[in-house]
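Listed below, chain by chain, are the residues.
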Amino acid sequence: MERIRAPKRITLISTGGTIASRWQGTGYAADAGGDTVLASAAVPDGVAVEVVDLFNVNSSRMTSERQLTLLRTVREVLADPAVDGIVVTHGTDTLEESAFLLDLHHDDPRPVVFTGAQKPLGAADGDGPGNMYDALQVAASVSDLGVLVVFDGRVHAARGTVKTQTLAANAFADPSAGPLGRLGFGRVDIRSAPQRPAPLPVPADGALIPRVDVVMHHSDADPALFEAALAAGAQGIVLVATGAGNATPEFVDAVSAAVRRGVLVAVSTRVQAGPLAEIYTGGGAVDLVAAGAVLSGTLRAGQTRIAVLAALLSDAAPAARPDLLRRLIAAPLPQDDAADADKAA
Ligand SMILES: NC(=O)C[C@H](N)C(=O)O
């Protein structure tokens, strides 16, 4: 006799984005609820979906407050042991930030899978229904991979993934690494597991949200906007440097003064792929690190800002925050690479 398996229970948390967008007369904006978005897609066999309508925003309007609400909602949903996984529908513009914030705090083997769309709800050639189907399938079938981004037939770790296409369907990639896996012909094929630091405790309800700004260097930049961020009350700043993490002696002085005032400073880069590296002096990464800044590894500006925010929201003492930030940024080496590094040493 064939055994009937209980369906996998997946909760869909709907936050808006293009996957929920409709024409507003002048342009598109998120306005459909999660039930409507779900109804636009096929649901994989053996999956039962419950919907939570959390927000309905274009994700360029996402805020830290909303992201923390999303984090707490995920916790509440996972408090039910009968839930097997979560799909979050989210606008693609800031999806990488929300997904990474959740990943830094995620301490559950059950997956949280972010997805969205590049084409609006109901588009004849839309990508939302396929992405939704794939995300539900991944949420129902993987574990111990942390927070994931499923888009255009690929499964990405939240960490390191950025939006790399403004309009094309293959909107996400980690330019410094490949995807974790792929989907196709009804199968989920996971090739590797992400390296993740120990998860952070969820910030207390009502915790004050620190201001964290992003300032970009360019061939004519001076630290005026960096100083303006400090004057606006920034407790953390991400300097988006050139190359492998280089700026000017003037920026080094500004970073040094900020760090002495207790501001957490990280350095990321405008370059698409590759790690930050201490190579150059004369205002380069060597001097920025000596001034107290933390290099962002292979994380780009948006996720570096999230790591700074998470370090500031944690219960770490101010003096311990740079070390914590280094830990959040530097995912441990995959086992094979670590063994190779040992052999080379
Ligand atoms: N493709 C998208 O989802 C873009 C949209 N503007 C957003 O909410 O992020």
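Residues numbered from 1 in each chain as written. Predicted model: local features only at pLDDT ≥ 70, side-chain atom pairs only at ≥ 80, totals over all residues.

Peer 1: Pulling in residues and values, what's your account of the UniProt feature "domain: Asparaginase/glutaminase C-terminal" (unreviewed entry) in the protein?
Peer 2: As recorded in UniProt, the sites labelled "domain: Asparaginase/glutaminase C-terminal" (unreviewed entry) are residues 211–316. For residues 211–316, helix accounts for 37% and strand for 18%, while the C-alpha atoms at its two ends are 17 Å apart. (UniProt positions renumbered as here; feature names shortened; annotations may be inferred. Helix = DSSP H or I, 4+ residues; strand = E, 2+ residues; numbered from the N terminus.)

Peer 1: Hey, could you go over the sheet that holds strand β16 (residues 294–295) for me, with residue numbers and the actual values?
Peer 2: An order of β13-β14-β15-β16 is seen for the four strands of this open sheet, with the pairing classed as parallel. Single-partner strands in this sheet number two, and they are β13 (212–216) and β16. Across two bridges, strand β15 (residues 264–269) lies against β16 in parallel orientation. Bridge pairing in β16 places alanine 266 opposite valine 294. (Pairing = 2+ DSSP bridges.)

Peer 1: Can you lay out unusual backbone geometry for me, pointing to particular residues and giving the numbers?
Peer 2: With phi around 60°, aspartate 144 is a residue other than glycine that occupies positive phi space. The backbone of phenylalanine 185 shows a phi angle near 50°, a positive value even though the residue is not glycine. Within the fold, phenylalanine 185 resides in the loop between β11 (181–184) and β12 (187–190).

Peer 1: Give a detailed account of the site of the ligand, specifying residues and quantitative values.
Peer 2: The ligand sits among Gly17, Thr18, Asn58, Ser59, Ser60, Gly91, Thr92, Asp93, Gly116 and Gln118. Counted by class, the shell around the ligand contains no nonpolar, nine polar and one charged residues. (Near = placed C-beta within 6 Å. Nonpolar A, V, L, I, M, F, W, Y, C, P; charged D, E, K, R; others polar.)

Peer 1: Talk me through the domain arrangement of the protein; I want residue IDs and the actual numbers.
Peer 2: Structurally, the protein comprises domain 1 (8–190) and domain 2 (212–329). On a C-alpha basis, the centroid separation for the pair domain 1 and domain 2 is 30 Å. Contact residues are listed per partner, giving ten residues for domain 1 and twelve residues for domain 2. The element that contributes the greatest number of residues to the side of domain 1 that touches domain 2 is helix α3 (residues 95–105), accounting for five residues. When its residues are assigned to classes, the side of domain 1 that touches domain 2 shows five nonpolar, three polar and two charged. (Domains from an automatic or database assignment. Contact = placed C-beta atoms within 7 Å.)

Peer 1: If you had to explain the nonpolar core to someone new, which residues and values would you point to?
Peer 2: Within the largest apolar cluster, 93 residues are counted, with the highest numbers of intra-cluster contacts made by Leu148 and Leu239. Among the elements that make up this core, the one with the highest residue count is helix α8 (residues 301–313) (nine residues). Two domains each put at least three residues into this core: domain 1 (8–190) and domain 2 (212–329). Excluding residues that lie within four positions of it along the chain, leucine 148 makes contacts with Pro111, Val113, Phe114, Val138, Val155, His156, Ala157 and Ala158. (Core = buried A, V, L, I, M, F, W, Y, C linked by C-beta atoms within 7 Å. Buried ≥ 20, exposed ≤ 12 C-beta atoms within 10 Å, placed from the backbone.)

Peer 1: Explain α3 to me, and be specific about the residues and the numbers.
Peer 2: Judged by how many residues are buried, α3 sits mostly within the fold: eleven of eleven residues are covered. For α3, the complete set of buried residues consists of Leu95, Glu96, Glu97, Ser98, Ala99, Phe100, Leu101, Leu102, Asp103, Leu104 and His105. Turning to α3, the residues buried within the fold contact α2 (64–78), β6 (112–115), β7 (147–151), β9 (162–163), α8 and α9 (321–329).

Peer 1: Lay out the UniProt feature "active site" (unreviewed entry) in the protein in plain terms, naming residues and giving numbers.
Peer 2: The sites that UniProt annotates as "active site" (unreviewed entry) are Thr18 and Thr92. Taken along the chain, the residues just named run across 75 residues; in space they keep tight, none of their C-alpha pairs more than 7.6 Å apart. Among the secondary structure elements, threonine 18 is positioned in the loop between β1 (8–16) and β2 (21–23). C-beta crowding within 10 Å serves as the criterion here: with 27 such atoms nearby, threonine 18 is assigned to the buried category. In this structure threonine 18 touches Tyr28, Gly91, Thr92, Gly116, Ala117, Gln118, Lys119 and Pro120, once residues within four positions along its chain are discounted. Its place among the elements puts threonine 92 in the loop between β5 (85–89) and α3. Residue threonine 92 is classed as buried on the basis of its C-beta count, with 24 C-beta atoms lying within 10 Å. In this structure threonine 92 touches Gly17, Thr18, Ser59, Gly116, Gln118, Lys163 and Ala171, once residues within four positions along its chain are discounted.

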